[in-house]
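# Geometric and topological summary
The residues making up each chain are set out below.
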Number of protein chains: 4
Amino acid sequence: MAATTKAVSAIRNYLKNCSGFESILKNIKIISAGNGTCLAEYKVEQNATNVLGSLHGGFTATLVDATSTYALYCDQDEITPSVSLDMHMTYMKAANLGDEILIDAKTMRAGKNLAYLRVEVKNKQTGDLLAQALHTRFLLSEKSY
Amino acid sequence: MAATTKAVSAIRNYLKNCSGFESILKNIKIISAGNGTCLAEYKVEQNATNVLGSLHGGFTATLVDATSTYALYCDQDEITPSVSLDMHMTYMKAANLGDEILIDAKTMRAGKNLAYLRVEVKNKQTGDLLAQALHTRFLLSEKSY
Amino acid sequence: MAATTKAVSAIRNYLKNCSGFESILKNIKIISAGNGTCLAEYKVEQNATNVLGSLHGGFTATLVDATSTYALYCDQDEITPSVSLDMHMTYMKAANLGDEILIDAKTMRAGKNLAYLRVEVKNKQTGDLLAQALHTRFLLSEKSY
Amino acid sequence: MAATTKAVSAIRNYLKNCSGFESILKNIKIISAGNGTCLAEYKVEQNATNVLGSLHGGFTATLVDATSTYALYCDQDEITPSVSLDMHMTYMKAANLGDEILIDAKTMRAGKNLAYLRVEVKNKQTGDLLAQALHTRFLLSEKSY
């Protein structure tokens, strides 16, 4: 509980201060984090939409990448830097402007060199699954890959 | 040749005017387009980077999604709207701030309902392959999926 | 319950009589099926191994493909033929000769044209996750793709 | 040229003698190998088909897995053992009983820990692309993953 609160605070703090590309995620809300998981919420804004007026697949991919990385890191006191190796997105249903979505990320397994993450994106109101994703990260210990 | 020029102009025009998420791509240069392909160039800017100071995987995914969709559409007079079904990213090597990268997208096959695209991301100076991706799109004819 | 039993019997019967490639799966045991899910068990045999003496990734892919398709079909009285569109395998840990593994497949969403499936492969004794997979199928209604 | 011939012979010899799951591939013909590539040919047999009478997706996945691994190994005098991390299959078109197909595998990049492979499966007569795949392998140096 205390650990979770600390993890949530750390991620919120990171998002508030981050520059670079993840600053596009500054309006996501971290609901919970801990034990290798991270649950975030996001209300689809106009600057995240595609030409059809729904959530852009690249934005969804960014949500997946970031949230699953927070899930991986949330229990670590000292972060092991890591990079994405493979990320697979399966898109099922659109999220429209103003829809509230949940991004639910889970560490499925983490070893010395590799971490395996899984993410579900859901519509908060209807519970419909909008996308599912798998994400494999390579942990950069002393040496690069 | 004339067709290619027309396709390049159409994409450039689209990017100049687009609102929504793809406005983050407004600084990419469309080098060529036509016959189901699209080649774009991008110089990595600070607002596309991750905490390690290199190109963010979510930005790369957005480049892949967008460029392959332009490749699919570049020969169509009337665009058939489509949505991403599956997108798979394999990341191999980082691109750093200021690096110039090439995004080379190709339509591998396009039928009535489905289109299959492939993308390579390379470092322009060194020629190193940085990422490769497969993208499957569902074409929305009269009916949604 | 009755429906589940009927589904299990139908799959067992299919496996007993199938010719073609799925006859390599004749020794898998269907534990349960119903409500869009299928749980199977398999004890790794020599003819399923790779040069390192562990379960071959191609055999695992076949288990994933087949079991998730049974999960999709288990509630249908009349089967809609379908084909694989995308299948993504993430391998995490080896299964060795003689290990008992569980293949747990779930229909995440099924619409008119597309079905989205997810599979976990686990070591039965240790509970360790060995592989996870996503599988997208295209449903062949009146017309091919 | 001599190197290529040696690589082709080594793979042919491996296939002739292999036990385990890859013995299902004993009828594939290795056309060429070398410089990180491997080209194989296969005439679809009844024992490789699915219920629709066409090439089973699990067999295709096995062809992809094996052929790309031969591509990775074909230039090595001493083989570094490796395991699959991620394999992504995109299926586009069926191959039917008796069809001759080409499996064209290429090493896109290979480092100390990771190798990135790409495979195209084509109909030999028509040239149609039937499937494309990406395969990431982890090289087992002194330590396991």
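Everything here concerns the structure above.
None of the values given here were measured: they were computed from a predicted structure.

Across its full length, chain A holds two helices and six strands. Start at the N end of chain A and walk to the C end: the helices and strands fall as α-β-β-α-β-β-β-β. Each principal axis of the C-alpha distribution contributes one length, and for chain A these read about 45 × 30 × 30 Å. Taking all 145 residues of chain A together, the buried fraction comes to 56%.

What follows covers the interface of chain D and chain C. Counting residues at the interface gives 35 residues for chain D and 35 residues for chain C. Buried surface at the junction of chain D and chain C, summed over both partners, amounts to about 2,500 Å²; 57% is from carbon and sulfur atoms. At the boundary of chain D and chain C, one finds zero salt bridges. Joining chain D to chain C, the criterion identifies 13 residue pairs in polar contact (both at pLDDT 80 or more). Elements represented by at least two residues in the side of chain D that touches chain C include exactly helix 2 (57-73) and strand 3 (82-91) of chain D. The residue inventory of the side of chain D that touches chain C, partitioned by class, reads 18 nonpolar, 13 polar and four charged.

In this section: the environment of T136 of chain D. Along the polypeptide, T136 of chain D turns up in strand 6 (residues 129-139). Residue T136 of chain D is classed as buried on the basis of its relative accessible area of 1%. Each C-alpha atom, one on T136 of chain D and one on Y116 of chain D, is 4.7 Å from the other, the two residues being 20 residues apart in sequence. Engagement of the side chain of T136 of chain D in a polar contact is seen with the side chain of D86 of chain A, the distance being 3.0 Å.

Along its 17 residues, helix 2 (residues 57-73) of chain A runs 24 Å from first to last C-alpha, staying within 8% of the 24 Å computed at 1.5 Å per residue. The buried fraction of helix 2 of chain A amounts to 17 of the 17 residues, a majority that puts the element mostly inside the structure.

As enumerated under the stated definition, the model contains 16 aromatic pairs over all chains in all. Relative to Y70 of chain A, the ring of Y14 of chain A has its centre 5.8 Å away and its plane inclined at 70°; by these criteria the two rings are edge-to-face. You can see Y14 of chain A sitting in helix 1 (residues 2-17) and its partner Y70 of chain A sitting in helix 2, a full 56 residues away along the chain. Classification of Y70 of chain A as buried rests on a relative accessible area of 7%. Centre to centre, the rings of F21 of chain C and F21 of chain D are 6.5 Å apart; their planes meet at 45°, and the pair counts as tilted. Taken together, the positions of F21 of chain C in the loop between helix 1 (2-17) and strand 1 (29-34) and F21 of chain D in the loop between helix 1 (2-17) and strand 1 (29-34) put the pair across two chains. Neither residue differs from the other here; F21 of chain C and F21 of chain D are each classed as buried.

With that out of the way, let us pick up the relation of the copies chain A and chain B. Each copy of the chain is related to the other by a rotation around an axis and a translation along that axis. Superposition record for chain A on chain B: RMSD 0.0 Å, screw rotation 180°, translation along axis 0.0 Å. On this basis, the relationship between the two copies can be described by a two-fold rotation axis. Scanning chain A for the C-alpha nearest the rotation axis identifies H88 of chain A, at a separation of 2.2 Å. Interface overlap between copies: 100% of the residues of chain A at the interface are likewise at the interface in chain B, consistent with a symmetric, same-surface contact.

Bringing the sheet that holds strand 5 (residues 114-123) of chain B into the picture now. Strand order across the open sheet formed by twelve strands is 1(A)-2(A)-4(A)-5(A)-6(A)-3(A)-3(B)-6(B)-5(B)-4(B)-2(B)-1(B), with antiparallel pairing between neighbours. Looking at the sheet topology across the chains shown, the edges are occupied by strand 1 (29-34) of chain A together with strand 1 (29-34) of chain B. The sheet shows a mean angle of 15° between the axes of neighbouring strands, direction not considered. Inspection of the sheet shows strand 4 (residues 100-110) of chain B paired to strand 5 of chain B by nine bridges, in the antiparallel sense. Paired with L102 of chain B across the bridge in strand 5 of chain B is K122 of chain B. The sheet contacts of helix 2 (residues 57-73) of chain B involve strand 1, strand 2 (37-43), strand 3 (82-91), strand 4, strand 5 and strand 6 (129-139) of chain B, and relative to strand 3 of chain B the element is tilted by about 130°.

Our focus in this paragraph is the relation of the copies chain D and chain C. Note on the copies: chain D fits chain C at an RMSD of 0.0 Å, the axial shift is 0.0 Å, and the rotation between them is 180°. Counting the interface residues of chain D, we find that 100% of their copies in chain C are interface residues as well, pointing to one common contact surface.

Before going further, it helps to examine the interface of chain A and chain B. Each partner contributes residues to the interface: chain A has 35 residues there, and chain B has 35 residues. Both faces combined, the contact of chain A with chain B buries some 2,500 Å², and carbon together with sulfur accounts for 57% of it. If you sort the residues of chain A by the area they bury against chain B, F21, H56 and Y91 of chain A come out on top, with a joint share of 25%. In this assembly, chain A and chain B are joined by zero salt bridges. If you look at where chain A meets chain B, you find twelve residue pairs in polar contact (both at pLDDT 80 or more). No other element matches the ten residues that strand 3 (residues 82-91) of chain A contributes to the side of chain A that touches chain B.

Here we have twelve strands laid out as an open sheet, ordered 1(C)-2(C)-4(C)-5(C)-6(C)-3(C)-3(D)-6(D)-5(D)-4(D)-2(D)-1(D), and antiparallel in their pairing. Among the strands making up the open sheet, the edge pair consists of strand 1 of chain C together with strand 1 of chain D. Each strand axis lies, on average, 15° off the axis of its neighbour in the sheet, ignoring direction. Where strand 3 (residues 82-91) of chain C meets strand 3 of chain D, five bridges bridge the pair, whose relative direction is antiparallel. Bridge pairing in strand 3 of chain D places T90 of chain C opposite D86 of chain D.

Tracing the chain through its elements places S84 of chain A in strand 3. Taking the relative accessible area as the measure of exposure, S84 of chain A reaches 8% and is therefore buried. It is 12 Å that separates the C-alpha atoms of S84 of chain A and T62 of chain A, two residues lying 22 residues apart in sequence. In contact with S84 of chain A, other than residues within four places in its own chain, are D65, H135, T136 and R137 of chain A together with Y91 of chain B. Within the structure, the side chain of S84 of chain A is placed 2.7 Å from the side chain of H135 of chain A, a separation counted as a polar contact. There is a polar contact of 3.1 Å between the side chain of S84 of chain A and the side chain of R137 of chain A.

The rules behind the values
- Residues numbered from 1 in each chain as written.
- Chains lettered and ligands numbered in written order.
- Predicted model: local features only at pLDDT ≥ 70, side-chain atom pairs only at ≥ 80, totals over all residues.
- Heavy atoms only, no water.
- Helix = DSSP H or I, 4+ residues; strand = E, 2+ residues; numbered from the N terminus.
- Buried < 20%, exposed > 50% of the residue type's maximum accessible area, 1.4 Å probe, protein only.
- Contact = heavy atoms within 4.5 Å.
- Buried area = accessible area lost by both parts, 1.4 Å probe.
- Salt bridge = Lys/Arg side-chain N within 4 Å of Asp/Glu carboxyl O.
- Polar contact = N/O pair within 3.5 Å; in protein donor to acceptor, adjacent residues only side chain to side chain.
- Nonpolar A, V, L, I, M, F, W, Y, C, P; charged D, E, K, R; others polar.
- Expected span 1.5 Å × (residues − 1).
- Phe/Tyr/Trp six-rings, centres within 6.5 Å; stacked < 30°, edge-to-face > 60°.
- Least-squares fit on C-alpha atoms with pLDDT ≥ 70 in both.
- Pairing = 2+ DSSP bridges.
- Axes fitted to C-alpha atoms, helices over the stretch in contact; angles between N-to-C directions.

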